[in-house]
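The chain contents come next:
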Amino acid sequence: MSEKPKLHYPNGRGRMETVRWVLAAAGVEFDEEFLETKEQLQKLQDGNHLLFQQVPMVEIDGMKLVQTRCILHYIADKHHLFGKDLKERTLIDMYVEGTLDLLELIIMHPFLKPDDQQKEVVNMAQKAIIRYFPVFEKVLREHGQRFLVGSQMSLADVILLQTILALEEKIPNILSSFPHLQEYTVKMSNIPTIKKFLEPGSQKKPPPDEIYVRTVYNIFMP
């Protein structure tokens, strides 16, 4: 039996949360080693464990993978979440890239100045409602399947669900004009592996708080 993947990152969402989501959706158990100090990061860097001197880093299958998209692609491909052919993989990649652009705004939100945070919530809502959600509403309506691409769950579905739920924490009615996305969110949330990840006590991280933000600054800022 192979060892569990080990995730190296602070104890919070950030860019590692999507990796947690995809592993959980695939039904893969994983361990975490939380970074809490600058010295821990320095030790990883000095030990040549970080190819580009930065995290997220995932130890998996004898490799130390860095760069979030690379990590996501490897896990998705290994666990059959990356389509059945080149066309499906390309669609999945395209949807993922778009969704990650929106998710990046959510990831960076807690690090904004307090006066800018509410303005950014309005900006996120506008971008989601005008640019991103209409695309996925149309895809689901025309595709007529439970999932965005093909007939089975993919990386694109997992990241879209993560993003929707994170936005709903800030804007509960964000999907009010998107009936297909509403139905999709309910169905995706009830897939057994995802339902388990959404339950209390899982390795899903809570919304970032002041302690997480302070920890990140202490680790990464010069």
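Residues numbered from 1 in each chain as written. Predicted model: local features only at pLDDT ≥ 70, side-chain atom pairs only at ≥ 80, totals over all residues. Heavy atoms only, no water.

**Q** Explain the overall build of the protein to me, please; I cannot follow it from the model alone.
**A** A tally of regular secondary structure across the protein gives nine helices and four strands. If you list the helices and strands of the protein from N to C, you get β-α-β-α-β-β-α-α-α-α-α-α-α. On the principal axes, the C-alpha backbone points of the protein span a range of 50 × 50 × 30 Å. Within the protein, the fraction of its 222 residues that count as buried is 45%. Contacts spanning at least 24 positions in sequence make up 67% of the contacts within the protein whose residues lie at least 6 apart. As presented, the protein carries roughly 12000 Å² of accessible surface, and 54% of it is formed by carbon and sulfur atoms. For the protein, the distance from the average site of its 27 positive side-chain charges to the average site of its 30 negative ones is 2 Å. (Helix = DSSP H or I, 4+ residues; strand = E, 2+ residues; numbered from the N terminus. Buried < 20%, exposed > 50% of the residue type's maximum accessible area, 1.4 Å probe, protein only. Contact = heavy atoms within 4.5 Å. Areas by Shrake-Rupley, 256 points an atom, 1.4 Å probe, with all protein chains shown as cover. Lys, Arg positive; Asp, Glu negative; His and termini not counted. Charge placed at Lys NZ, Arg CZ, Asp CG, Glu CD.)

**Q** Help me understand the UniProt feature "domain: GST C-terminal" (unreviewed entry) in the protein, please; the structure alone is not making it clear to me.
**A** The UniProt record annotates "domain: GST C-terminal" (unreviewed entry) at residues 85–208. Secondary structure across residues 85–208 divides into 70% helix and 0% strand, with the first and last C-alpha atoms of the span separated by 37 Å. (UniProt positions renumbered as here; feature names shortened; annotations may be inferred.)

**Q** Can you help me understand the domain arrangement of the protein in this one?
**A** As a measure of interface size, the accessible area lost when the parts come together is often cited. Along its sequence, the protein is carved into domain 1 (6–79 + 198–209) and domain 2 (86–190). Look at where the C-alpha atoms of domain 1 and domain 2 centre, and you get two points 22 Å apart. Counting from both sides, the interface comprises 16 residues of domain 1 and, opposite them, 18 residues of domain 2. In total, about 1400 Å² of surface goes out of reach between domain 1 and domain 2, with carbon and sulfur atoms giving 65% of it. Our enumeration of links across domain 1 and domain 2 arrives at three salt bridges. Between domain 1 and domain 2 we count five residue pairs in polar contact (both at pLDDT 80 or more) in total. Tallying contributions element by element places helix H1 (residues 17–25) first for the side of domain 1 that touches domain 2, with five residues. In terms of residue class, the side of domain 1 that touches domain 2 is built from eight nonpolar, three polar and five charged. (Domains from an automatic or database assignment. Buried area = accessible area lost by both parts, 1.4 Å probe. Salt bridge = Lys/Arg side-chain N within 4 Å of Asp/Glu carboxyl O. Polar contact = N/O pair within 3.5 Å; in protein donor to acceptor, adjacent residues only side chain to side chain. Nonpolar A, V, L, I, M, F, W, Y, C, P; charged D, E, K, R; others polar.)

**Q** Explain the nonpolar core here, please?
**A** Among soluble globular proteins, nonpolar side chains are generally buried collectively. Judged by nonpolar contacts, the single largest core of 72 residues is most densely connected at Val 19, Phe 133, Leu 148, Met 153, Leu 155 and Leu 181. Ranked by residues supplied to this core, first place goes to helix H6 (residues 155–170) with 10 residues. Each of domain 1 (6–79 + 198–209) and domain 2 (86–190) accounts for three or more of the residues forming this core. Those residues within four positions of Phe 133 in sequence are excluded, and the remaining contacts are Leu 102, Ala 128, Ile 164, Leu 167, Ile 174, Leu 175, Phe 178 and Leu 181. (Core = buried A, V, L, I, M, F, W, Y, C linked by side-chain atoms within 4.5 Å.)

**Q** I'm lost on H6 in this one. Help?
**A** For an α-helix, 3.6 residues make a turn, and residues three or four places apart therefore share a direction. For H6, built from 16 residues, the straight-helix expectation of 22 Å at 1.5 Å per residue is met to within 8% by its first-to-last C-alpha distance of 24 Å. Taking burial as the measure, the 16 residues of H6 include 13 buried ones, the bulk of the element. (Expected span 1.5 Å × (residues − 1).)

**Q** Just to check I follow, could you spell out the packing of helix H5 (residues 114–143) against helix H7 (residues 179–189) for this structure?
**A** The relative placement of two packed helices is expressed as an angle between their axes plus a distance between the axes. Two elements in contact, H5 and H7, have axes separated by 8 Å at closest approach and are oriented at 75°. Classified by the interaxial angle, the pair formed by H5 and H7 is roughly perpendicular. Taken together, the residues of H7 that come into contact with H5 (itself represented by Phe 133, Phe 136, Glu 137, Leu 140 and Arg 141) are Pro 179, His 180, Leu 181 and Tyr 184. Here the residues of the contact of H5 with H7 sort into six nonpolar, one polar and two charged. (Axes fitted to C-alpha atoms, helices over the stretch in contact; angles between N-to-C directions. Parallel < 35°, antiparallel > 145°, perpendicular 65-115°, else oblique.)

**Q** Help me out: how do you make sense of the side chain of Glu 137 in this one?
**A** If you trace the backbone, Glu 137 turns up in helix H5. Despite its burial, Glu 137 pairs with no opposite charge, the nearest such side chain being Arg 141 at 4.8 Å. Separated by 2.9 Å, the side chain of Glu 137 and the backbone nitrogen of Leu 181 make a polar contact. With residues near it in sequence (within four places) discarded, Glu 137 still touches Phe 178, Pro 179, His 180 and Leu 181.

**Q** Is there a simple way to think about the pattern of salt bridges in this case?
**A** A side chain of one charge can pair with a side chain of the opposite charge when the charged atoms of the two come close. Taken as a whole, this structure holds 14 salt bridges when the rule is applied. Salt-bridge contacts for Lys 6 lead to Glu 33; the nearest nitrogen and oxygen are separated by 3.5 Å. One end of the pair, Lys 6, is in strand S1 (residues 6–9); the other, Glu 33, is in strand S2 (residues 31–34), with 27 residues separating them in the sequence. What emerges from the salt-bridge pattern is a single network uniting Glu 17, Arg 20, Glu 32 and Lys 205.

**Q** Got a minute to help me understand the UniProt feature "domain: GST N-terminal" (unreviewed entry) in the protein in this structure?
**A** Mapped onto this numbering, the UniProt entry annotates "domain: GST N-terminal" (unreviewed entry) at residues 3–83. Taken end to end, residues 3–83 comprises 36% helix and 20% strand; its first and last C-alpha atoms sit 26 Å apart.

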